[in-house]
Amino acid sequence: MRAKKSVILIVVMLLAALTAFSTLAKVGIRLTVEPKSVDVGKVVTIKVENVGDVQLTYTLEVTRPDGGKDTLAQNRALPVGATHSFSYKTEKVGTYKARVTFDSATVEDTFEAKSPSQPPSFRVSVAVDRSSPCEGETVNITISVRNVGNGSGTADLELRIDGTLRRSWSLPLAPGERTEVSERASFSRGSHTIEARVFWQGTRHDSDSTTISARSGTFFRVGSLDAPSRVSPNQSFTVSATIRNTGCSSSTQTIRFLVDNSVRDSRRISLAAGESTTVSFGWSFSSKGTYRVTIASDDDSSSTTIVVNTAVPSVTGWGLIALGILFAWSLAWVIRRRVAHRPTRA
């Protein structure tokens, strides 16, 4: 009898211990849906995670916008710390509800399926503030992106120099919206390609490129040559030109004046990068003919042709007065002759 009572006491104590453990044990499920909003026909991911201390058995259902239900899992065991993932394809526009039922408890989450929006369409152009910079000189690169489509979207823009990615941007743009970004870069001597590419969701929409040629050294350019086209023998005249250093460093050169490819005079000038000056040479020809005159630097030259004719006597001063008197006398004589020969009336 005592043994029977002892067994009953032990059983009661075990039941009490189990009840206490069940009360203290944590029971829970986390339900997540990603993304919360998709275009209809797209797939969402539903995750069921056991965040409690005991294994659970659960049922997962999705209620569609039309009220119908899809069962994704039924009476499925979920160990402690485990996560089950489900892919669910939306088929109707509206609100969906995911529901997990376990141990008489329920967890819910909702997500939306919307009508597909109009896609964006991006166009890109790239420009530089100088196409022939000096070696090491900073060049400003401007990239313009425009959404010419009917839908909003984020343009993924890349800037590449000689094929290497230099920088990227993410640019949200509404329909018809335009934006600009810029970057500064310097280049070694030679030719370089600058390219802009624009993407949307991994698909390239457009690209544009330009080429620059970085230079070094100096270059004395000869321009604005000024000289008379006709002169008389032994008449003095001046030939001038503007000399500009379009190179990248200061330099000194000899500027030469040539007549029919023969050097007749010269000047030494020094110019800083970008600086200019006017150089003039005086000259005259002793005989008639056509001559080619040139002003030349070590890098460039400019030429023109001058015609030398026989001098035409000029009439000035007393000569003009004498011509006037002669003209007046001739006119008076003509008038008198006409009056003298006019017939008389009877």
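Data block above holds the structure.
This text gives an overview of the structure that appears in the document. No experiment lies behind these values; they were computed from the predicted model shown.

1. Describing a nonpolar patch on the surface
There is a patch of nonpolar side chains on the surface, built from Phe-327, Leu-331 and Ile-335 and spanning about 330 Å² of accessible area. Within the secondary structure, Ile-335 sits in helix H2 (residues 318-340).

2. Focus: the packing of aromatic side chains
Across all of its chains, the model carries 7 aromatic pairs by this definition. Between Tyr-96 and Phe-111 the ring centres are 5.1 Å apart and the planes differ by 10°, which places this aromatic pair in the stacked class. Here Tyr-96, found in strand E7 (residues 94-102), pairs with Phe-111, found in strand E8 (residues 105-114); they are 15 residues apart in sequence, far enough to count as distant. The burial state of Tyr-96 is the same as that of Phe-111; both residues are buried. Where Phe-257 meets Phe-281, the ring centres are 5.4 Å apart and the plane angle is 15°; that geometry is what we call stacked. One end of the pair, Phe-257, is in strand E19 (residues 251-259); the other, Phe-281, is in strand E21 (residues 276-283), and 24 residues separate them in sequence. When sorted by exposure, Phe-257 lands in the same class as Phe-281, which is buried.

3. Here we look at the environment of Asp-226
Mapped onto the secondary structure, Asp-226 falls in strand E16 (residues 220-226). A relative accessible area of 48% places Asp-226 in the partly exposed class. Expressed as a C-alpha distance, the spacing of Asp-226 and Val-239, which sit 13 residues apart in the sequence, is 5.7 Å. If we skip the residues at most four places from it in the chain, Asp-226 touches Thr-238, Val-239 and Ser-240.

4. Points about the sheet that holds E16
Reading across from one edge, E16-E18-E21 is the order of the 3 strands in this open sheet, with antiparallel pairing throughout. Of all the strands in the sheet, the pair left with one neighbour each is E16 and E21. Taking each pair of neighbouring strands and ignoring which way they run, the sheet shows an average axis angle of 25°. Sheet topology places E16 next to strand E18 (residues 237-245); 5 bridges connect them, and they run antiparallel. Bridged to Gly-223 within E18 is Thr-242.

5. Some remarks on the state of the cysteines
Across all of its chains, the model carries 1 disulfide by this definition. Two residues share a disulfide in this structure: Cys-134 and Cys-248, whose sulfurs sit 2.1 Å from each other. In this structure the cystine formed by Cys-134 and Cys-248 twists about its S-S bond by roughly -95°; its chirality is therefore left-handed. In this pair, Cys-134 is assigned in the loop between strand E9 (122-128) and strand E10 (138-147) and Cys-248 in the loop between E18 and E19, connecting sequence segments 114 residues apart. The exposure class of Cys-134 is buried, given its relative accessible area of 14%. The class of Cys-248 is partly exposed, set by a relative accessible area of 24%.

6. Looking at the pattern of salt bridges
Counted by the stated rule, this structure contains 16 salt bridges. The partner of Asp-39 in a salt bridge is Lys-114, with the nearest N and O atoms 2.7 Å apart. Here Asp-39 is found in strand E2 (residues 37-39), whereas its partner Lys-114 is found in strand E8, with 75 residues between them in sequence. Note on Asp-39: relative accessible area 22%, which makes it partly exposed. When its relative accessible area of 38% is taken as the criterion, Lys-114 is described as partly exposed. Asp-70 serves as the salt-bridge partner of Arg-64, at 2.8 Å between the closest nitrogen and oxygen.

7. Description of the sheet that holds strand E17 (residues 230-231)
Adjacent strands of a sheet pair through backbone hydrogen bonds, lying either parallel or antiparallel. Strand order in the open sheet formed by 5 strands is E17-E23-E22-E19-E20, and the pairing between neighbours is mixed. With partners counted over all chains shown, the strands left at the sheet margins are E17 and strand E20 (262-271), one partner each. Where E17 meets strand E23 (residues 301-308), 2 bridges bridge the pair, whose relative direction is parallel. Residue pairing in the sheet places Arg-230 in a bridge with Val-307 of E23.

8. Quick word on the pairing of strand E14 (residues 190-200)
Here strand E11 (residues 153-161) pairs with E14 via 6 bridges, running antiparallel. Across the sheet, Asp-156 pairs through a bridge with Phe-199, a residue of E14. Sheet analysis places E14 next to strand E15 (residues 203-214), joined by 11 bridges and oriented antiparallel. Residue Ser-191 lies in a different strand from E15, and its bridge partner there is Ser-213. Where E14 hands over to E15, the hairpin turn is made up of 2 residues, of which Gln-201 adopts a positive phi near 50°.

9. Some details on unusual backbone geometry
The omega angle of the peptide bond from Glu-34 to Pro-35 is -10°, so this bond is cis rather than trans. Among the secondary structure elements, Pro-35 is positioned in the loop between strand E1 (29-34) and E2. Despite not being glycine, Asp-162 has its phi angle at roughly 55°, a positive value. The phi torsion at Asn-261 lies on the positive side, around 70°, for a residue other than glycine. Owing to a relative accessible area of 68%, Asn-261 belongs among the exposed residues under this scheme.

Quick notes on the rules
Residues numbered from 1 in each chain as written. Predicted model: local features only at pLDDT ≥ 70, side-chain atom pairs only at ≥ 80, totals over all residues. Heavy atoms only, no water. Patch = residues over 30% accessible without salt bridge, like charges linked within 9 Å, V, L, I, M, F, W, Y side chains within 5 Å. Areas by Shrake-Rupley, 256 points an atom, 1.4 Å probe, with all protein chains shown as cover. Salt bridge = Lys/Arg side-chain N within 4 Å of Asp/Glu carboxyl O. Helix = DSSP H or I, 4+ residues; strand = E, 2+ residues; numbered from the N terminus. Phe/Tyr/Trp six-rings, centres within 6.5 Å; stacked < 30°, edge-to-face > 60°. Buried < 20%, exposed > 50% of the residue type's maximum accessible area, 1.4 Å probe, protein only. Contact = heavy atoms within 4.5 Å. Pairing = 2+ DSSP bridges. Axes fitted to C-alpha atoms, helices over the stretch in contact; angles between N-to-C directions. Disulfide = S-S within 2.5 Å.

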